[in-house]
Amino acid sequence: MSNLNPVSAVAHPNIALIKYWGKRNVQLNLPAAGSLSLTLDGLHTTTSVHFDPALDHDKIAINDEILSGSKHQRLSEFLDLVRQRAGISHRATVITKNDFPPSAGLASSASGFAALALAASKAANLDLDPTELSILARRGSGSAARSIHGGWVEMFPGKDDPNGLDSYAVQLHDESHWDLNCLVAVCAQGPKKIGSTEAMMSTAETAPYYPAWIEDVPKTLVEAKLALASRDFSKLADVAEASCLRMHACAMAANPGILYWKGITVDLIHLVRQMRQEGTPVFFTIDAGPHIKAFCTAEAAPKVSETLAAVPGVQKILHATPGAGARII
Ligand code: PMV
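Residues numbered from 1 in each chain as written. Predicted model: local features only at pLDDT ≥ 70, side-chain atom pairs only at ≥ 80, totals over all residues. Heavy atoms only, no water.

Colleague: How would you explain the overall build of the protein if you had to name every residue and give the values?
Modeller: For the protein, the count of helices and strands is nine helices and 16 strands. Taken along the three principal axes of its C-alpha coordinates, the protein extends 65 × 40 × 40 Å. Taken across its 329 residues, the protein has 53% of its residues classed as buried. Entry remark: accessible area of the protein is about 14,100 Å², with carbon and sulfur atoms responsible for 53%. Positive and negative side-chain charges of the protein, numbering 29 and 32 respectively, have mean locations separated by a distance of 3 Å. (Helix = DSSP H or I, 4+ residues; strand = E, 2+ residues; numbered from the N terminus. Buried < 20%, exposed > 50% of the residue type's maximum accessible area, 1.4 Å probe, protein only. Areas by Shrake-Rupley, 256 points an atom, 1.4 Å probe, with all protein chains shown as cover. Lys, Arg positive; Asp, Glu negative; His and termini not counted. Charge placed at Lys NZ, Arg CZ, Asp CG, Glu CD.)

So this is what it looks like as structure tokens:
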């Protein structure tokens, strides 16, 4: 066995403009439809991994919290995928740090599993290409498959491969393609949200609109890709807001209904639309939480940021720009 040295990797979160909501296979974590996202600079997850023959169990810390129970199990099972592939049995020390707040509505699972896939595979002396890394990251979290790449990214749901090897993300345009900014308006937190996997399963099982939602995604994706390729802000705004609202409408139609929004979320939707009507290039998207993510041109960002920050209940604004893919540091 050659040396197994510690390896560190960094990855960024991403925000989907065409949303992923629904799994066709929970065990392999295969999405029921495609999605499209922007990887965000300015927010980082840094993860170091060391497979160490001296350990008798995985030691995993996220932001200085030593994991145990189901959180530990989820990451340890992910490391098992890497161990199996590399033909090793050593346990690992994993140290992860996020430089963005955990409750800001930015999926730390996306940057977290992207950084972990890269650091762990390298630390196990595997040399995976970006597609293999994306497939591996997807096993941790669906959106993590997208954070392997920088810039504008499309996720394929896959179809035929029994092991899900046809479900991975690819880069459509790198981070220099279009300097759209993303302003995250962090809103007041309510009771803990229902986790995305549970919510997706419940939506698929109980929402009468779910088949229509899944059927619609490929068409929406084509429209978004055309708008993105031609940098057509107004078209991208329309299709991204439609995808977001359809995803949430479908989740709300589950039984019991899944409602991530607060009153302030609705207020900010109206505010963003009013700004756009008055000529400011800005649109919104919302994930599994109450926060609004406002996408706008770089020139409009200071004004949008100031306007959102002035709304009572907005706790802070995080400002992100198009970012690079996961990399070794
Ligand atoms: O990858 P997960 O399990 O964190 O699910 C992500 C779901 C959304 O953030 C709501 C949508 C998306 O495409 O990122």
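Colleague: Hey, could you go over the domain arrangement of the protein for me, with residue numbers and the actual values?
Modeller: Domain annotation of the protein identifies domain 1 (7-177) and domain 2 (180-322). Counting residues at the interface gives 31 residues for domain 1, matched by 43 residues for domain 2. Between domain 1 and domain 2, a total of about 3,300 Å² is buried, with carbon and sulfur atoms accounting for 73% of that surface. For domain 1, the biggest contributors to the area lost against domain 2 are Leu-17, Lys-19 and Trp-21; these three give 28% of the whole. The interface formed by domain 1 and domain 2 holds two salt bridges in total. Notably, a salt bridge pairs Lys-225 with Glu-154, separated by 2.8 Å at the nearest N-O pair. At the junction of domain 1 and domain 2, the tally comes to ten residue pairs in polar contact (both at pLDDT 80 or more). Secondary structure elements with two or more residues in the side of domain 1 that touches domain 2: strand 2 (14-18), strand 5 (35-39), strand 10 (152-155) and strand 11 (169-173). Grouping the constituent residues of the side of domain 1 that touches domain 2 by class yields 18 nonpolar, eight polar and five charged. (Domains from an automatic or database assignment. Contact = heavy atoms within 4.5 Å. Buried area = accessible area lost by both parts, 1.4 Å probe. Salt bridge = Lys/Arg side-chain N within 4 Å of Asp/Glu carboxyl O. Polar contact = N/O pair within 3.5 Å; in protein donor to acceptor, adjacent residues only side chain to side chain. Nonpolar A, V, L, I, M, F, W, Y, C, P; charged D, E, K, R; others polar.)

Colleague: Please provide a residue-by-residue account of the pattern of salt bridges, values included.
Modeller: Counting across every chain of the model gives 17 salt bridges. In this structure, Asp-160 engages Lys-159 in a salt bridge whose closest nitrogen and oxygen atoms are separated by 3.8 Å. Neither Asp-160 nor Lys-159 differs from the other in exposure class; each is exposed. In this structure, Lys-235 and Asp-232 form a salt bridge, with 3.6 Å as the shortest nitrogen-oxygen distance.

Colleague: Let's hear about the site of the ligand: which residues, and what values?
Modeller: In the vicinity of the ligand, 14 residues are found, and the nearest of them are Ala-16, Tyr-20, Ser-143, Arg-146 and Ser-196. A distance of 2.8 Å is found between an oxygen atom of the ligand and a side-chain nitrogen or oxygen belonging to Ser-196. Contact with the protein chains hides 92% of the accessible area of the ligand, taken as 380 Å² for the molecule alone. Each of two domains, domain 1 (7-177) and domain 2 (180-322), supplies a minimum of three residues to the shell around the ligand. (Near = heavy atom within 4 Å.)

Colleague: Describe the nonpolar core, with residues and values.
Modeller: As a rule of thumb, nonpolar side chains are buried together in soluble globular proteins. The biggest cluster of nonpolar side chains holds 70 residues, and the ones touching the most others in it are Trp-21, Leu-106, Leu-236, Leu-268, Val-304 and Leu-308. Looking at this core element by element, the count peaks at nine residues for helix 7 (residues 233-252). Two domains each provide a minimum of three residues to this core, namely domain 1 (7-177) and domain 2 (180-322). Among residues more than four places away in sequence, those in contact with Trp-21 are Ser-196, Ala-199, Met-200, Thr-203, Tyr-210, Trp-213, Ile-214, Met-247, Ala-251, Tyr-260 and Ala-288. Residues Leu-4, Val-7, Val-94 and Ile-148 belong to the second largest nonpolar core, which totals 33 residues. (Core = buried A, V, L, I, M, F, W, Y, C linked by side-chain atoms within 4.5 Å.)

Colleague: Hey, could you go over the sheet that holds strand 15 (residues 314-320) for me, with residue numbers and the actual values?
Modeller: Hydrogen bonds between backbone groups are what pair the strands of a sheet, and the pairing can be parallel or antiparallel. Read across the sheet, four strands follow the order 13-14-12-15 without closing on themselves; strand pairing throughout is antiparallel. Edge positions in the sheet fall to strand 13 (282-285) and strand 15, since each of these pairs with one other strand and no more. Going across the sheet, the axis of each strand differs from the next one's by a mean of 25°, ignoring polarity. Bridge count for strand 12 (residues 180-187) against strand 14 (residues 292-297) is six bridges, and the pairing is antiparallel. Counterpart to Leu-183 in the pairing with strand 14 is Ala-294. (Pairing = 2+ DSSP bridges. Axes fitted to C-alpha atoms, helices over the stretch in contact; angles between N-to-C directions.)

Colleague: Lay out the side chain of Lys-19 with the relevant residues and their values.
Modeller: Inspection of the secondary structure puts Lys-19 in the loop between strand 2 and strand 3 (23-25). Sequence-distant contacts of Lys-19, that is, excluding residues within four places in its chain, are made with Gly-34, Ser-35, Trp-213, Ser-243, Cys-244, Met-247, Thr-285, Ile-286 and Asp-287.

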